[in-house]
Amino acid sequence: MSERLSVLYNKKPCYDIVFSGSFGELGQELESLECENKRLCIITDSKVDDIYGNSLLDILEGKCRKAVKYVFQDGEASKTLDTVKGIYRFLIEEGFDRRDMLLALGGGVVGDIAGYTAATYLRGIDFIQLPSTLLAQADSSIGGKTGVDFDGYKNMVGAFKMPRLVYMNLALLQTLEERQYFSGFAEIMKHGLIRDAAFYEWLIENMYEICERDLNVLQEMLIRSCTIKKFIVEKDPLEQGDRALLNFGHTIGHAIEKAKNFGLYHGECVALGAVAAAYISWKRELLSMEEYYEVRDMFVPFYLPISVEEIEPQEILRLTKADKKMESGKIRFVLLKKIGKAVIDNSVTDEEILAAINEIYYSEEDAHA
Ligand code: GLY
(Lines give C-alpha, C1' and ligand atoms only; values in the text may rest on other atoms or scores of the structure.)
Protein backbone atom coordinates (compact mmCIF):
# COMPACT_ATOMS: atom_id res chain seq x y z
CA MET A 1 0.00 0.00 0.00
CA SER A 2 1.65 3.24 -1.06
CA GLU A 3 1.92 6.30 1.18
CA ARG A 4 2.94 9.87 0.43
CA LEU A 5 4.36 12.97 2.05
CA SER A 6 4.01 16.43 0.59
CA VAL A 7 7.08 18.68 0.83
CA LEU A 8 6.59 22.45 1.03
CA TYR A 9 8.88 25.09 -0.44
CA ASN A 10 8.34 28.67 0.72
CA LYS A 11 5.32 27.33 2.65
CA LYS A 12 3.64 26.08 -0.55
CA PRO A 13 3.28 22.42 -1.66
CA CYS A 14 6.22 21.76 -3.99
CA TYR A 15 6.54 18.01 -4.56
CA ASP A 16 5.37 14.70 -3.16
CA ILE A 17 7.42 11.80 -1.93
CA VAL A 18 5.69 8.53 -2.83
CA PHE A 19 6.61 5.39 -0.86
CA SER A 20 5.59 2.35 -2.89
CA GLY A 21 6.45 -1.35 -3.08
CA SER A 22 6.80 -1.27 -6.89
CA PHE A 23 6.84 1.02 -9.93
CA GLY A 24 3.12 0.17 -10.37
CA GLU A 25 1.83 3.66 -9.64
CA LEU A 26 4.51 5.61 -11.49
CA GLY A 27 2.47 5.79 -14.72
CA GLN A 28 -0.40 7.40 -12.84
CA GLU A 29 1.97 9.87 -11.16
CA LEU A 30 3.35 10.87 -14.57
CA GLU A 31 -0.20 11.43 -15.81
CA SER A 32 -0.90 13.77 -12.94
CA LEU A 33 2.28 15.70 -13.85
CA GLU A 34 0.80 16.06 -17.38
CA CYS A 35 3.64 14.33 -19.16
CA GLU A 36 1.72 13.26 -22.28
CA ASN A 37 3.21 16.03 -24.45
CA LYS A 38 6.66 16.00 -22.91
CA ARG A 39 9.90 14.36 -23.95
CA LEU A 40 11.28 12.37 -21.03
CA CYS A 41 14.91 11.38 -20.57
CA ILE A 42 15.91 8.73 -18.06
CA ILE A 43 19.36 9.50 -16.66
CA THR A 44 20.95 6.46 -15.09
CA ASP A 45 24.26 4.67 -14.59
CA SER A 46 25.52 1.47 -16.19
CA LYS A 47 24.81 -0.67 -13.12
CA VAL A 48 21.22 0.47 -12.55
CA ASP A 49 20.52 0.48 -16.28
CA ASP A 50 21.37 -3.23 -16.53
CA ILE A 51 18.66 -4.06 -13.99
CA TYR A 52 15.90 -1.46 -14.36
CA GLY A 53 16.62 0.75 -17.39
CA ASN A 54 14.48 -1.02 -19.97
CA SER A 55 11.56 -1.80 -17.67
CA LEU A 56 11.37 1.89 -16.79
CA LEU A 57 11.42 2.79 -20.49
CA ASP A 58 8.46 0.39 -20.94
CA ILE A 59 6.56 2.19 -18.15
CA LEU A 60 7.12 5.54 -19.89
CA GLU A 61 5.90 4.18 -23.23
CA GLY A 62 2.53 5.78 -24.03
CA LYS A 63 2.76 8.16 -21.08
CA CYS A 64 4.76 10.83 -22.94
CA ARG A 65 5.63 12.19 -26.38
CA LYS A 66 9.02 10.50 -26.49
CA ALA A 67 11.12 8.55 -23.98
CA VAL A 68 14.89 8.22 -24.23
CA LYS A 69 17.66 7.10 -21.92
CA TYR A 70 21.16 8.40 -21.18
CA VAL A 71 23.53 6.00 -19.41
CA PHE A 72 26.90 6.87 -17.88
CA GLN A 73 29.53 4.74 -16.15
CA ASP A 74 28.55 3.98 -12.54
CA GLY A 75 30.66 5.30 -9.67
CA GLU A 76 31.65 8.52 -7.92
CA ALA A 77 34.36 9.11 -10.56
CA SER A 78 31.55 10.00 -13.00
CA LYS A 79 30.23 12.79 -10.80
CA THR A 80 31.91 15.51 -12.83
CA LEU A 81 31.09 18.38 -15.15
CA ASP A 82 32.25 16.17 -18.06
CA THR A 83 29.36 13.78 -17.45
CA VAL A 84 26.97 16.74 -17.29
CA LYS A 85 28.37 17.99 -20.63
CA GLY A 86 27.68 14.58 -22.16
CA ILE A 87 24.07 14.81 -21.02
CA TYR A 88 23.68 18.38 -22.38
CA ARG A 89 24.88 17.18 -25.79
CA PHE A 90 22.47 14.26 -25.77
CA LEU A 91 19.53 16.46 -24.78
CA ILE A 92 20.36 18.96 -27.53
CA GLU A 93 20.58 16.14 -30.11
CA GLU A 94 17.25 14.77 -28.92
CA GLY A 95 15.65 18.22 -29.18
CA PHE A 96 14.80 18.64 -25.49
CA ASP A 97 13.27 22.01 -24.66
CA ARG A 98 12.26 23.69 -21.45
CA ARG A 99 8.90 21.87 -21.19
CA ASP A 100 10.56 18.46 -21.18
CA MET A 101 11.69 16.50 -18.15
CA LEU A 102 14.51 14.33 -16.78
CA LEU A 103 14.09 11.24 -14.62
CA ALA A 104 16.98 10.40 -12.29
CA LEU A 105 16.98 6.61 -11.88
CA GLY A 106 19.69 5.51 -9.46
CA GLY A 107 21.59 6.33 -6.31
CA GLY A 108 23.01 9.58 -5.00
CA VAL A 109 25.46 10.12 -7.85
CA VAL A 110 22.74 9.79 -10.50
CA GLY A 111 20.32 12.04 -8.59
CA ASP A 112 22.95 14.74 -8.05
CA ILE A 113 24.12 14.71 -11.68
CA ALA A 114 20.64 14.57 -13.21
CA GLY A 115 19.41 17.25 -10.81
CA TYR A 116 22.32 19.54 -11.63
CA THR A 117 21.72 19.02 -15.35
CA ALA A 118 18.03 19.84 -14.81
CA ALA A 119 19.00 22.97 -12.85
CA THR A 120 21.22 24.29 -15.63
CA TYR A 121 20.03 22.97 -19.01
CA LEU A 122 18.18 25.84 -20.71
CA ARG A 123 18.32 27.62 -17.32
CA GLY A 124 16.29 24.86 -15.74
CA ILE A 125 13.93 22.05 -16.71
CA ASP A 126 11.83 19.74 -14.54
CA PHE A 127 13.11 16.51 -13.09
CA ILE A 128 11.88 13.56 -11.09
CA GLN A 129 13.87 11.53 -8.59
CA LEU A 130 13.54 7.73 -8.75
CA PRO A 131 16.06 6.82 -6.03
CA SER A 132 17.24 3.22 -6.13
CA THR A 133 19.53 3.06 -3.08
CA LEU A 134 18.81 3.51 0.60
CA LEU A 135 21.16 6.49 0.70
CA ALA A 136 19.27 8.22 -2.09
CA GLN A 137 15.84 7.35 -0.66
CA ALA A 138 16.71 8.47 2.86
CA ASP A 139 18.68 11.54 2.00
CA SER A 140 19.98 12.76 -1.33
CA SER A 141 16.74 12.64 -3.36
CA ILE A 142 14.99 15.00 -0.92
CA GLY A 143 15.57 18.69 -0.45
CA GLY A 144 16.82 19.74 -3.88
CA LYS A 145 20.59 19.62 -3.40
CA THR A 146 22.22 18.81 -6.73
CA GLY A 147 25.79 19.01 -7.96
CA VAL A 148 29.06 17.42 -8.94
CA ASP A 149 32.50 16.93 -7.43
CA PHE A 150 35.30 19.17 -8.66
CA ASP A 151 39.00 18.28 -8.58
CA GLY A 152 38.14 15.55 -6.08
CA TYR A 153 36.32 17.95 -3.72
CA LYS A 154 32.88 16.60 -2.98
CA ASN A 155 29.82 18.49 -4.22
CA MET A 156 31.93 21.60 -4.82
CA VAL A 157 29.79 22.78 -7.75
CA GLY A 158 26.03 22.62 -7.55
CA ALA A 159 22.62 24.22 -7.33
CA PHE A 160 19.40 23.90 -5.39
CA LYS A 161 16.73 22.48 -7.69
CA MET A 162 13.55 20.98 -6.32
CA PRO A 163 12.28 17.84 -8.08
CA ARG A 164 8.66 17.60 -9.29
CA LEU A 165 8.29 14.22 -7.60
CA VAL A 166 10.29 11.71 -5.59
CA TYR A 167 9.01 8.19 -6.25
CA MET A 168 10.53 5.50 -4.06
CA ASN A 169 10.15 1.88 -5.07
CA LEU A 170 11.08 0.29 -1.75
CA ALA A 171 11.35 -3.17 -3.28
CA LEU A 172 14.57 -2.01 -4.96
CA LEU A 173 16.19 -1.97 -1.53
CA GLN A 174 15.71 -5.72 -1.19
CA THR A 175 18.10 -6.42 -4.06
CA LEU A 176 20.82 -3.95 -3.06
CA GLU A 177 24.19 -5.47 -2.25
CA GLU A 178 24.71 -5.61 1.52
CA ARG A 179 27.41 -2.95 1.81
CA GLN A 180 25.48 -0.46 -0.27
CA TYR A 181 22.31 -1.03 1.78
CA PHE A 182 23.97 -0.51 5.16
CA SER A 183 25.90 2.49 3.91
CA GLY A 184 22.55 4.23 3.35
CA PHE A 185 21.45 3.30 6.82
CA ALA A 186 24.03 5.73 8.27
CA GLU A 187 21.94 8.66 7.02
CA ILE A 188 18.84 7.22 8.68
CA MET A 189 20.67 6.82 11.96
CA LYS A 190 21.84 10.41 11.53
CA HIS A 191 18.24 11.65 11.30
CA GLY A 192 17.39 9.96 14.61
CA LEU A 193 20.52 11.26 16.31
CA ILE A 194 20.08 14.89 15.29
CA ARG A 195 16.34 15.25 15.70
CA ASP A 196 14.31 12.37 17.09
CA ALA A 197 15.42 10.20 20.01
CA ALA A 198 12.22 8.10 19.77
CA PHE A 199 13.03 7.25 16.15
CA TYR A 200 16.60 6.36 17.14
CA GLU A 201 15.18 3.98 19.78
CA TRP A 202 12.77 2.54 17.20
CA LEU A 203 15.69 1.81 14.87
CA ILE A 204 17.43 -0.12 17.62
CA GLU A 205 14.25 -2.01 18.54
CA ASN A 206 13.67 -2.96 14.90
CA MET A 207 17.28 -3.82 14.16
CA TYR A 208 16.49 -7.39 13.10
CA GLU A 209 13.69 -6.44 10.67
CA ILE A 210 15.79 -3.59 9.25
CA CYS A 211 18.68 -5.98 8.60
CA GLU A 212 16.22 -8.46 7.05
CA ARG A 213 14.75 -5.64 4.89
CA ASP A 214 11.16 -6.38 5.81
CA LEU A 215 9.09 -4.24 3.39
CA ASN A 216 6.65 -2.90 6.01
CA VAL A 217 9.48 -1.94 8.33
CA LEU A 218 11.38 -0.33 5.45
CA GLN A 219 8.31 1.73 4.64
CA GLU A 220 7.83 2.91 8.22
CA MET A 221 11.56 3.60 8.58
CA LEU A 222 11.70 5.70 5.42
CA ILE A 223 8.51 7.61 6.13
CA ARG A 224 9.81 8.53 9.60
CA SER A 225 13.29 9.34 8.33
CA CYS A 226 11.98 11.43 5.40
CA THR A 227 9.57 13.25 7.73
CA ILE A 228 12.59 14.46 9.75
CA LYS A 229 14.41 15.57 6.63
CA LYS A 230 11.25 17.19 5.22
CA PHE A 231 10.77 19.17 8.44
CA ILE A 232 14.35 20.49 8.31
CA VAL A 233 14.46 21.36 4.59
CA GLU A 234 11.04 23.03 4.69
CA LYS A 235 12.25 25.38 7.41
CA ASP A 236 15.60 26.11 5.76
CA PRO A 237 15.56 24.99 2.11
CA LEU A 238 18.74 26.82 1.04
CA GLU A 239 20.87 25.96 4.08
CA GLN A 240 21.06 29.41 5.61
CA GLY A 241 20.80 27.94 9.10
CA ASP A 242 19.49 24.74 10.61
CA ARG A 243 19.65 22.64 7.45
CA ALA A 244 23.37 22.40 8.22
CA LEU A 245 22.35 20.05 11.07
CA LEU A 246 21.96 17.44 8.33
CA ASN A 247 25.72 17.63 7.87
CA PHE A 248 26.23 15.79 11.15
CA GLY A 249 29.04 13.30 10.52
CA HIS A 250 29.82 14.82 7.14
CA THR A 251 32.59 17.26 8.06
CA ILE A 252 35.20 14.66 8.96
CA GLY A 253 33.29 12.07 6.88
CA HIS A 254 33.87 13.93 3.61
CA ALA A 255 37.57 14.33 4.45
CA ILE A 256 37.92 10.57 4.98
CA GLU A 257 36.00 9.92 1.76
CA LYS A 258 38.45 12.08 -0.18
CA ALA A 259 41.55 10.76 1.63
CA LYS A 260 40.44 7.21 0.81
CA ASN A 261 39.90 8.27 -2.79
CA PHE A 262 36.23 7.26 -2.56
CA GLY A 263 37.18 3.66 -1.77
CA LEU A 264 34.83 3.74 1.22
CA TYR A 265 31.11 4.28 0.71
CA HIS A 266 29.65 7.67 1.59
CA GLY A 267 27.53 6.29 4.43
CA GLU A 268 30.53 4.44 5.87
CA CYS A 269 32.40 7.75 6.01
CA VAL A 270 29.34 9.42 7.56
CA ALA A 271 29.29 6.75 10.29
CA LEU A 272 33.00 7.42 11.01
CA GLY A 273 32.38 11.17 10.98
CA ALA A 274 29.38 10.73 13.29
CA VAL A 275 31.51 8.79 15.80
CA ALA A 276 34.15 11.54 15.66
CA ALA A 277 31.53 14.29 16.17
CA ALA A 278 29.94 12.34 19.05
CA TYR A 279 33.42 12.00 20.58
CA ILE A 280 33.91 15.79 20.53
CA SER A 281 30.41 16.14 22.02
CA TRP A 282 31.43 13.83 24.87
CA LYS A 283 34.72 15.64 25.46
CA ARG A 284 32.77 18.91 25.69
CA GLU A 285 30.46 17.26 28.22
CA LEU A 286 27.42 17.63 25.99
CA LEU A 287 27.04 13.83 25.87
CA SER A 288 27.83 11.52 28.76
CA MET A 289 30.49 8.84 28.29
CA GLU A 290 27.72 6.17 28.20
CA GLU A 291 25.86 8.06 25.48
CA TYR A 292 29.03 8.41 23.41
CA TYR A 293 29.77 4.69 23.57
CA GLU A 294 26.13 3.87 22.84
CA VAL A 295 26.12 6.08 19.73
CA ARG A 296 29.43 4.62 18.57
CA ASP A 297 28.46 1.00 19.13
CA MET A 298 25.03 1.32 17.53
CA PHE A 299 26.63 1.49 14.09
CA VAL A 300 28.18 -1.95 14.55
CA PRO A 301 25.06 -4.17 14.22
CA PHE A 302 24.33 -2.33 10.96
CA TYR A 303 27.73 -3.32 9.58
CA LEU A 304 29.02 0.25 9.61
CA PRO A 305 32.65 1.06 10.54
CA ILE A 306 33.56 2.87 13.76
CA SER A 307 37.28 2.94 13.05
CA VAL A 308 39.42 3.33 9.96
CA GLU A 309 42.90 2.15 9.01
CA GLU A 310 45.60 3.75 6.92
CA ILE A 311 44.78 7.39 7.27
CA GLU A 312 47.07 10.26 8.13
CA PRO A 313 45.29 12.24 10.90
CA GLN A 314 46.97 15.55 9.91
CA GLU A 315 45.88 14.99 6.31
CA ILE A 316 42.28 14.37 7.44
CA LEU A 317 42.41 17.61 9.45
CA ARG A 318 43.70 19.50 6.41
CA LEU A 319 40.98 18.04 4.19
CA THR A 320 38.33 18.76 6.83
CA LYS A 321 39.33 22.41 6.72
CA ALA A 322 39.32 22.43 2.92
CA ASP A 323 35.74 21.08 2.80
CA LYS A 324 33.04 23.58 1.93
CA LYS A 325 31.37 23.49 5.34
CA MET A 326 33.27 26.58 6.44
CA GLU A 327 31.87 29.92 7.62
CA SER A 328 34.22 32.94 7.76
CA GLY A 329 37.24 30.66 7.96
CA LYS A 330 35.73 28.55 10.77
CA ILE A 331 34.55 24.98 10.37
CA ARG A 332 30.80 24.69 10.81
CA PHE A 333 30.73 21.60 12.97
CA VAL A 334 27.61 19.72 14.05
CA LEU A 335 27.71 18.34 17.58
CA LEU A 336 25.20 16.41 19.65
CA LYS A 337 23.72 18.14 22.69
CA LYS A 338 21.98 14.89 23.51
CA ILE A 339 20.66 11.94 21.52
CA GLY A 340 17.95 13.47 19.31
CA LYS A 341 19.26 17.03 19.47
CA ALA A 342 22.12 18.47 17.39
CA VAL A 343 23.68 21.94 17.46
CA ILE A 344 25.88 23.86 15.04
CA ASP A 345 29.17 25.00 16.52
CA ASN A 346 31.84 27.23 14.97
CA SER A 347 34.33 26.95 17.81
CA VAL A 348 35.70 23.41 17.40
CA THR A 349 39.50 23.65 17.45
CA ASP A 350 42.11 21.80 15.40
CA GLU A 351 43.16 19.98 18.59
CA GLU A 352 39.61 18.72 19.19
CA ILE A 353 39.31 17.59 15.58
CA LEU A 354 42.67 15.80 15.71
CA ALA A 355 41.74 14.06 18.96
CA ALA A 356 38.47 12.89 17.35
CA ILE A 357 40.30 11.66 14.24
CA ASN A 358 42.74 9.75 16.46
CA GLU A 359 39.76 8.21 18.28
CA ILE A 360 38.49 6.62 15.05
CA TYR A 361 41.97 5.88 13.65
CA TYR A 362 42.87 2.20 13.95
CA SER A 363 46.65 2.23 13.67
CA GLU A 364 49.37 -0.42 13.46
CA GLU A 365 50.10 0.30 17.13
CA ASP A 366 46.49 -0.53 18.08
CA ALA A 367 46.83 -3.78 16.18
CA HIS A 368 49.91 -4.75 18.22
CA ALA A 369 48.70 -3.45 21.59
N1 GLY B 1 22.31 15.75 2.67
C2 GLY B 1 22.19 16.92 3.44
C3 GLY B 1 21.17 17.87 2.92
O4 GLY B 1 20.36 17.51 2.08
O5 GLY B 1 21.14 18.99 3.36
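Quantities reported herein were computed from a predicted structural model and do not represent experimental measurements.

**Q** What should I look at first to understand unusual backbone geometry in this one?
**A** Glycine aside, negative phi is the norm for most residues, and most peptide bonds take the trans geometry. In this structure, leucine 122 is a non-glycine residue whose phi angle is positive, near 50°. Mapped onto the fold, leucine 122 is located in the loop between helix H4 (108–120) and strand E6 (126–131). A relative accessible area of 36% means that leucine 122 is categorised as partly exposed. The residue glutamate 285 is not glycine, and still its phi comes out positive at about 60°. Tracing the chain through its elements places glutamate 285 in the loop between helix H11 (266–283) and helix H12 (289–297). Look at glutamate 285 and you get exposed, because its relative accessible area is 71%.

**Q** Please explain the pairing of strand E8 (residues 153–160) as it appears in this structure.
**A** The side chains of a regular strand alternate between both faces of the sheet. The sheet contact formed by strand E7 (residues 145–150) and E8 spans 5 bridges and is antiparallel. Following the sheet pairing, phenylalanine 150 is matched in E8 by tyrosine 153. Here E7 hands over to E8 after 2 residues, with aspartate 151 in that stretch at a positive phi of 50°.

**Q** Would you take a moment to explain the sheet that holds strand E3 (residues 39–45) for this structure?
**A** Think of a sheet as strands paired side by side through backbone hydrogen bonds, with each pair either parallel or antiparallel. Taken together, the 7 strands give an open sheet; going across it, the order is E1-E2-E9-E6-E5-E3-E4, and neighbouring strands pair in mixed fashion. If you trace the sheet from one side to the other, it starts and ends with strand E1 (3–9) and strand E4 (66–72), each paired once. Between one strand axis and the next, the sheet turns through 20° on average, direction left out of account. Bridge analysis of strand E2 (residues 12–20) against strand E9 (residues 165–169) gives 5 bridges, and the strand direction is parallel. Across the sheet, the residue bridging to aspartate 16 is leucine 165, located in E9. Strand contacts of helix H9 (residues 215–235): E1, E2 and E9, with the helix running at about 10° to E1, the strand carrying the most contacts.

**Q** What am I meant to see in the packing of helix H6 (residues 178–195) against helix H7 (residues 197–205) here?
**A** A pair of packed helices can be characterised by two numbers: the angle between their axes and the separation between those axes. The geometry of H6 relative to H7 is characterised by a closest axis approach of 6 Å and an angle of 140° between their N-to-C directions. As judged from the angle between their axes, H6 and H7 are oblique. Contacts from Phe185, Ile188, Met189, Gly192, Leu193 and Arg195 in H6 reach Ala197, Phe199, Tyr200 and Leu203 in H7.

Each value, and the rule that gives it
Numbers given to residues run from 1 along each chain, matching the order in which its sequence is written. In keeping with the model being predicted, local features are shown solely for residues with a pLDDT of at least 70 and side-chain atom pairs are shown and tallied solely at 80 or more, while totals for entire chains, interfaces and linings include all residues. Based on all heavy atoms of the structure, the side-chain values leave hydrogens and waters out of the count. Strands here are runs of E lasting at least two residues and helices are runs of H or I lasting at least four, both read from the DSSP assignment and numbered beginning at the N terminus. For every residue, the accessible area (1.4 Å probe, protein chains only) is compared with the maximum for its type, and the residue is labelled buried under 20%, exposed over 50%, or partly exposed between those bounds. A pair of strands is considered paired only if DSSP assigns at least 2 bridges between the two. For every element, the axis is a line fit to its C-alpha atoms; helices are fit only across the contacting stretch, and the angle between N-to-C directions ranges from 0 to 180 degrees. Residues count as neighbours in contact if any of their non-hydrogen atoms are within 4.5 Å of one another. Any angle between 65 and 115 degrees counts as roughly perpendicular, while under 35 counts as roughly parallel, over 145 as roughly antiparallel, and the rest as oblique.

Take it as geometry only, folks, not as evidence of what the structure does.
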